[in-house]
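Residue strings, one per chain:
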Amino acid sequence: MISIPLLKQTIKSNWGLWLVATLTVSLLYIVIKFAVGSIAVSSETDPNILVPYIIALETSGLTIEGLFISIGINPEILTGLATMDGNVLVSIIFYPVVAVLLPLVYVVIVGNKLFASQIDNGSMAFILSTPIKRSKIAITQMVFLIASLIAMFLVTSVVDVTLTLIIDNSLAVDKILLLNLGLLLFSLAMGSLTYMFSSIFNYSKYSLSFGGGFALLFFISKILGLFGSDLFMNMGVGIEPMDFFNKITMISLYNTESILDNSTDYIMQFIALIVISSICYSVGAIWLTKKDIPV
Amino acid sequence: MIKVQNLTKDFGFGRGVFDISFEVEKGEVYGFLGPNGAGKTTTMRMLMGFSQPDSGEATIDGKNCWNEYSEILEDVGYLPGEISLPDALNGLEFIEMMKNLKHADDKRINYLLDLFELDPNQNTKRMSIGDKRKLAIVSAFMADSKILILDEPTSGLDPLMQSKFIELIKSEKKRGKTILLSTHIFQEIDNSCDRLSIIKDGKIVTTIETKEFRNNENKVFQVEFLHDEDFELFLTSKLDIVHSNKKKRKIKIAINDKEINHFVSVVSKYKIKYFSESKYTLEDYFLSYYRAREDTQ
């Protein structure tokens, strides 16, 4: 099903970037876990400081809700703020906005190198001139992309879980694993897009424009979409129309809120990511077997 | 062995190949001669199964080049016209990869490396064009394939290596290989091909046997006279004068080998500055063909 000599070449050509991406994601986990760990320690507030405020409010007959209404803020956010866990908040934002970045860069660059850049510079001619079937080439490159992403997430998940156990135990290990699984599924789906574009286009410039373009669109939309998210709305800093951006970014299918608040929305979204991956990997592989390759 | 029938691939803007047909017999060296952009590479890409013809058919050993490429390529060695080696591999790793993909053996590879005096253990990015070409040649010949498709095989090689390459082609021919090679260099074809097709603007303009040129009995001689009188007088002789230049007192005469004695005896009666044979080569044929075609257009 796969060609070992070709796989070796692909590994040699991409292992450096894999290592950089894997180490950087691990490093980000280390930084964030230390940061979150320190929040947990420093957020012990002294209840005595609150006492005079409470007495003042009681004697005046005013309420905090009244205060909020008088300055034009929906008092419902108080419940949101009261029940909010800083650690969870960090995780909800960190994984789909920060941790996602390196795998995105990885799949954009590697995806392009799998076919388009080799067709563009003509080096694919040597592989095509051997009896190896195009379908085998397509599958070998697909297997590399998928396996390298799985390997990346095995490493980073181990780092993440280890750090969680040692430094910051605010999240359960099963949640950490789900967060990492989601990141893997999203990265695989994003990889399937870059794989497909790499197969469709004969020029690096087009393959990179589409692969990188979608990655950038999804990434920026995710950040803009944060302002329209329930999370920000509940904190009182949301801008509802910006929820539009959550509808156009595939990162929304990596629903960290759902994973962490015990709802089950994320399961269907995981399945959606798998379906997208299956379609794009298939289209890419079939396309390669049918097209003219100008090398 | 290699059969191309009414093959058409239209890229638009007049580029591509149009309705070309030719056949390469088993054990034959067949040349594809034409200027850059004439369609040589396009044809070879279709033979290799890289691209699909718009119409017509290319077959090797009776198998369709587009549908059955993986079976065909078991027996084909290919040398691309533009050499771009895979990144991240050095020369040795490249050979190793190609060896495994083509099931070649070390003995043959070492023979080829020695022949072209190539040290593959170097970074391909720092290799000279000639060394890259040699590496590609080694890869094309390493599996000892029955059929060789070579796109401008000697470009980038120095003259010594070019002649070594031509020797290799000749010895492979003796070993029964079927070879299709394209070039815009005449010597390559002159020395090694049995037959050749001249291709221009995507069409085959003529196909010729090169031995007709090697054993050509008709020669052209050029004579330059010292005096105008001799020049004028010679013009009245009954020899077959193909060209004369009064200013330079030069005359070109076509002579069959059988009449050479007669020619010498005639020439000896005049005071001449020099006389020389100008060999009618394939190149003359090629260029005359092209110029004639251009004139008619």
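Residues numbered from 1 in each chain as written. Chains lettered and ligands numbered in written order. Predicted model: local features only at pLDDT ≥ 70, side-chain atom pairs only at ≥ 80, totals over all residues.

A.B. asks: Residues and numbers for the overall build of chain B, please.
C.D. replies: A tally of helices and strands in chain B yields eleven helices and 14 strands. By principal-axis analysis of the C-alpha atoms, chain B measures approximately 75 × 45 × 35 Å. The buried share of chain B, taken over its 297 residues, is 36%. (Helix = DSSP H or I, 4+ residues; strand = E, 2+ residues; numbered from the N terminus. Buried ≥ 20, exposed ≤ 12 C-beta atoms within 10 Å, placed from the backbone.)

A.B. asks: Give a description of helix 2 (residues 51–60) of chain A that names residues and reports values.
C.D. replies: Helix 2 of chain A sits mainly on the outside: zero of its ten residues count as buried. Just downstream of helix 2 of chain A lies Gly61 of chain A, where phi reads positive at about 75°.

A.B. asks: So what's going on with the interface of chain A and chain B? Residues and values would help.
C.D. replies: In this assembly, 22 residues from chain A lie in contact with 22 residues from chain B. Put simply, the parts of the chain that give the side of chain A that touches chain B at least two residues each are helix 1 (4–42) and helix 8 (124–128) of chain A. Here the side of chain A that touches chain B gets five residues from one element, more than from any other, and that element is helix 1 of chain A. Split by residue class, the side of chain A that touches chain B holds ten nonpolar, eight polar and four charged. (Contact = placed C-beta atoms within 7 Å. Nonpolar A, V, L, I, M, F, W, Y, C, P; charged D, E, K, R; others polar.)

A.B. asks: Describe unusual backbone geometry, with residues and values.
C.D. replies: Even without a glycine there, the phi angle at Asp19 of chain B is positive, about 55°. Mapped onto the elements, Asp19 of chain B comes out in strand 2 (residues 15–24).

A.B. asks: Report on the sheet that holds strand 12 (residues 240–245) of chain B, specifying residues and quantitative values.
C.D. replies: Pairing between sheet strands relies on hydrogen bonds along the backbone, with the strands arranged either parallel or antiparallel. Residues and elements named next belong to chain B. The antiparallel open sheet is built from four strands, whose spatial order is 12-13-11-14. The sheet is open, and its two borders are formed by strand 12 and strand 14 (272–278), each paired with just one other strand. The mean angle between the axes of side-by-side strands here comes to 20°, regardless of whether they run parallel or antiparallel. Sheet topology note: the strand 11 (residues 218–225)/strand 13 (residues 250–256) ladder contains seven bridges and is antiparallel. By the bridge assignment, Val223 is partnered in strand 13 with Ile251. (Pairing = 2+ DSSP bridges. Axes fitted to C-alpha atoms, helices over the stretch in contact; angles between N-to-C directions.)

A.B. asks: Which residues make up the sheet that holds strand 5 (residues 63–64) of chain B, and what values do they have?
C.D. replies: Residues and elements named next belong to chain B. What the four strands build is an open sheet, ordered 2-1-4-5; its pairing is antiparallel. The open sheet has two edge strands with one neighbour each: strand 2 and strand 5. As paired strands, strand 1 (residues 2–12) and strand 4 (residues 55–60) are joined by five bridges and run antiparallel to one another. Note that in strand 4 the partner of Thr8 across the bridge is Ser55.

A.B. asks: So what about the nonpolar core? Which residues, and what values?
C.D. replies: If you look at the biggest cluster of nonpolar residues, it comprises 129 residues, and the most contacted ones within it are Leu183 and Phe186 of chain A together with Leu47, Val138 and Ile149 of chain B. Counting residues per element, this core draws most heavily on helix 10 (residues 173–200) of chain A, which supplies 13 residues. Leaving out residues up to four positions away in the same chain, Val138 of chain B has contacts with Ile95, Ile109, Leu112, Leu113, Phe116 and Leu118 of chain B. Ranked by size, the runner-up nonpolar core spans six residues in total, among them Phe225, Phe234, Ile251 and Ile253 of chain B. (Core = buried A, V, L, I, M, F, W, Y, C linked by C-beta atoms within 7 Å.)

A.B. asks: Break down the packing of helix 6 (residues 101–114) of chain A against helix 9 (residues 134–166) of chain A for me, citing the residues and quoting the values.
C.D. replies: Residues and elements named next belong to chain A. One way to put it is that helix 6 packs onto helix 9 with a least axis distance of 11 Å and a crossing angle of 160°. One finds that helix 6 runs roughly antiparallel with respect to helix 9. Crossing geometry of helix 6 relative to helix 9 is assigned as right-handed. On the side of helix 6, the interface is formed by Pro103, Val110, Gly111 and Leu114, while helix 9 contributes Gln141, Leu145, Leu149 and Met152. Classifying every residue of the contact of helix 6 with helix 9 gives six nonpolar, two polar and no charged. (Parallel < 35°, antiparallel > 145°, perpendicular 65-115°, else oblique. Left-handed = near helix turned anticlockwise from the far one by under 90°.)

A.B. asks: A description of the pairing of strand 2 of chain B should follow, citing residues and the corresponding values.
C.D. replies: Sheet analysis places strand 1 of chain B next to strand 2 of chain B, joined by seven bridges and oriented antiparallel. Residue pairing for strand 2 of chain B: Leu7 of chain B is matched across the bridge by Ile20 of chain B.

A.B. asks: Now, about the pairing of strand 6 (residues 76–79) of chain B: what can you tell me, with residues and values included?
C.D. replies: All names here are of chain B. Side chains Val76 and Tyr78 project from strand 6 onto one buried face, and the interleaved Gly77 and Leu79 project onto a second face that is buried too. With four bridges connecting them, strand 6 and strand 7 (residues 147–151) associate as parallel partners. The partner of Val76 across the bridge, within strand 7, is Ile147.

A.B. asks: Can you explain the packing of helix 6 of chain A against helix 10 of chain A? Please cite residues and give values.
C.D. replies: Packed helix pairs are characterised by how far apart their axes lie and by the angle those axes make with each other. All names here are of chain A. Where helix 6 meets helix 10, the axes come as close as 8 Å, and the angle between the chain directions of the two elements is 30°. Viewed along their axes, helix 6 and helix 10 adopt a mutual orientation that is roughly parallel. The chirality of how helix 6 crosses helix 10 is right-handed. Counted together, Pro103, Leu104, Val107, Val108, Gly111, Asn112 and Leu114 of helix 6 and Leu183, Ser187, Met190, Gly191, Thr194, Tyr195, Phe197 and Ser198 of helix 10 form the full contact between these two elements. Of the residues that constitute the contact of helix 6 with helix 10, the class distribution is nine nonpolar, six polar and no charged.

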